[in-house]
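# A look at the structure
Here is what each chain is made of, one letter per residue.
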Amino acid sequence: MSENARPTVVILATGGTIAGQGASGTQMTGYHVGDLGVEALVAAVPQLTDYAEIRAEQIANIQSSSMTDEILLRLSQRVNAVLEDPAVTGVVVTHGTDTLEETAYFLNLTVKSAKPVIVVGAMRPSTAISADGPINLLNAVRLAADPVAIDRGVMIVLNDEINGARDCTKTNTTGLGTFKAPEAGLLGYIAGGRHYFIKKTAMHHTHQTEFDVRRLKALPRVDIVYSYINADHVFVEAAIAAGAKGIVHAGTGNGSVHDDTLGALFKARDQGIAVARASRVGNGVVTEDCEEWTEAGLLDAATLNPQKTRILLQLGLTITDDPIQLQRMFYEY
Ligand code: ASP
């Protein structure tokens with residue numbers, strides 16, 4: 001792109017509340033998700049073209065609680081393809097907020113470009129009084145068009161805040177400021193149309209990773225098993241029976257495993273299934289905790305929450321099933 005060329009931002013829409021519609025301006029819950037097509041989203045914010053040439057494509061129009069590996073792969077492949085065009089400055093993905101963090105982290109690990117990729121959603125449907133979708137979309141497009149956003153990894157924009165895809169999680173079921181990185185903190189603020197970055201992620205991302213899904217047709221099955229008082233082997237056995245190549249155990253505390261679950265996890269390991277210990281706590285580190293577990297090849301999810309542990313394990317398993325290599329990935333990404 002020549003210095004004076006106008007930025008071009010491609011918006012890839014996948015659905016969610018940002019494309020949702022309620023029966024009235026006051027309906028903030030129970031509305032219909034994924035009604036509006038991408039043209040309607042763009043048309044609702046004519047100011048977008050003050051900042052960039054917009055190209056728009058519909059990838060899906062679903063509620064993100066029903067996101068699938070197939071859509072995720074197709075999305076990543078499309079992001080990679082459009083970013084190869086030298087005329088494209090950056091990409092904005094519109095997405096439901098429920099699984100937005102998982103898609104953003106998947107893109108953070110599979111986009112082979114330093115160009116900005118911004119994932120955006122909304123907590124109020126498009127029909128709501130004070131809908132947040134239009135301003136979030138404007139913020140996302142402005143950020144995607146700004147050279148300051150280059151090579152910072154995939155970012156999430158809502159509520160005038162810029163968060164990194166790796167550390168950010170949905171923390172509130174209905175609040176506008178739901179996306180937080182509770183301990184890592186946000187990457188920057190948006191105020192008065194300016195971007196105020198305060199940090200960069202220390203973890204490897206996008207073109208720095210070893211993952212390449214551009215020609216993949218499917219991802220390995222990885223299931224999450226949640227721990228609780230009186231947990232047993234049943235859900236681990238179900239994951240094994242379903243053909244899981246990996247199991248994420250969302251343990252208590254520092255990735256602790258119930259005595260009545262442990263045997264099933266060891267059985268999974270014996271069958272060559274990768275098993276990662278994450279935590280349901282939501283903050284802190286899952287460390288190497290018990291020699292017996294490490295010897296059995298149980299991986300520590302370190303600082304990833306269970307749903308992002310699942311994403312990294314899926315991608316890791318596209319390359320290797322060696323526990324030493326998989327464990328390295330948890331420290332690197
Ligand atoms: N409640 C969700 C949202 O905020 C719906 C979804 O994730 O698609 O977008």
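Summarised in this report is the structure supplied together with it. Fair warning: this is a prediction, and the values are worked out from it, not measured in the lab.

The backbone of Ser-130 shows a phi angle near 55°, a positive value even though the residue is not glycine. Among the secondary structure elements, Ser-130 is positioned in the loop between strand S4 (117-120) and helix H4 (133-144).

On strand S9 (residues 188-191), burial follows the alternation: Gly-188 and Ile-190 on one face are buried, whereas Tyr-189 and Ala-191 on the facing-out side are not. Between S9 and strand S10 (residues 194-197), which pair antiparallel and follow one another directly, the connecting turn spans 2 residues, one of which, Gly-192, has a positive phi of 55°.

The next point concerns the site of the ligand. Taken together, Gly-16, Thr-17, Tyr-31, Val-33, Gln-63, Ser-64, Gly-96, Thr-97, Asp-98 and Ala-122 make up the full set of residues near the ligand. For the ligand, an oxygen atom lies 3.3 Å from a polar atom in the backbone of Ala-122. In this structure, the ligand is accommodated by the second largest pocket. Looking at the shell around the ligand, its residues break down into 3 nonpolar, 6 polar and 1 charged.

Another point: the packing of helix H5 (residues 234-241) against helix H6 (residues 259-270). For the pair H5 and H6, the least separation of the axes is 8 Å and the interaxial angle reads 20°. Of the possible angle classes, the one that applies to H5 and H6 is roughly parallel. The crossing of H5 and H6 is left-handed. Contacts between H5 and H6 pair Val-236, Glu-237 and Ile-240 from the former with Thr-261, Ala-264, Leu-265, Lys-267 and Ala-268 from the latter. Here the contact of H5 with H6 is built from residues that sort into 5 nonpolar, 1 polar and 2 charged.

Within the secondary structure, Leu-138 sits in helix H4. The class for Leu-138 is buried, based on a relative accessible area of 11%. Taking the C-alpha atoms as reference, Leu-138 lies 10.0 Å from Asp-50; in sequence the two are 88 residues apart. Discounting residues that sit within four places of it in the chain, Leu-138 has contacts with Val-45, Gln-47, Leu-48 and Tyr-51.

It is worth spelling out the packing of aromatic side chains at this point. All told, the structure shown has 1 aromatic pair when counted by the stated rule. When the ring centre of Tyr-51 is taken as origin, the NZ or CZ atom of Arg-142, which lies over that ring, is 5.0 Å away. The ring of Phe-197 has Arg-152 lying over it, and the distance from NZ or CZ to the ring centre is 3.7 Å.

Regarding helix H9 (residues 323-332), the residues found buried are Leu-326, Gln-327, Met-329 and Phe-330. In a view along the axis of H9, the buried residues occupy a sector of 150°, so they form one face of it. Each element contacted by the buried residues of H9 is listed here: strand S13 (274-279), strand S14 (299-300) and helix H8 (306-317). Backbone nitrogen of Ile-324 and a side-chain oxygen of the N-cap are separated by 2.9 Å at the start of H9; the cap is Asp-322.

Rules used throughout
- Residues numbered from 1 in each chain as written.
- Predicted model: local features only at pLDDT ≥ 70, side-chain atom pairs only at ≥ 80, totals over all residues.
- Heavy atoms only, no water.
- Helix = DSSP H or I, 4+ residues; strand = E, 2+ residues; numbered from the N terminus.
- Buried < 20%, exposed > 50% of the residue type's maximum accessible area, 1.4 Å probe, protein only.
- Pairing = 2+ DSSP bridges.
- Near = heavy atom within 4 Å.
- Polar contact = N/O pair within 3.5 Å; in protein donor to acceptor, adjacent residues only side chain to side chain.
- 1 Å grid on protein atoms, 1.4 Å probe; cavity = no way out; pocket = protein on both sides within 12 Å on 5 of 7 lines; lining within 4 Å.
- Sits in = over half its atoms within 2 Å of the grid points.
- Nonpolar A, V, L, I, M, F, W, Y, C, P; charged D, E, K, R; others polar.
- Axes fitted to C-alpha atoms, helices over the stretch in contact; angles between N-to-C directions.
- Parallel < 35°, antiparallel > 145°, perpendicular 65-115°, else oblique.
- Left-handed = near helix turned anticlockwise from the far one by under 90°.
- Contact = heavy atoms within 4.5 Å.
- Phe/Tyr/Trp six-rings, centres within 6.5 Å; stacked < 30°, edge-to-face > 60°.
- Lys NZ or Arg CZ within 6 Å of the ring centre and 35° of its normal.
- Arc of directions from axis to C-beta.

Such coordinate-based values are descriptive only and should not be taken to indicate function.
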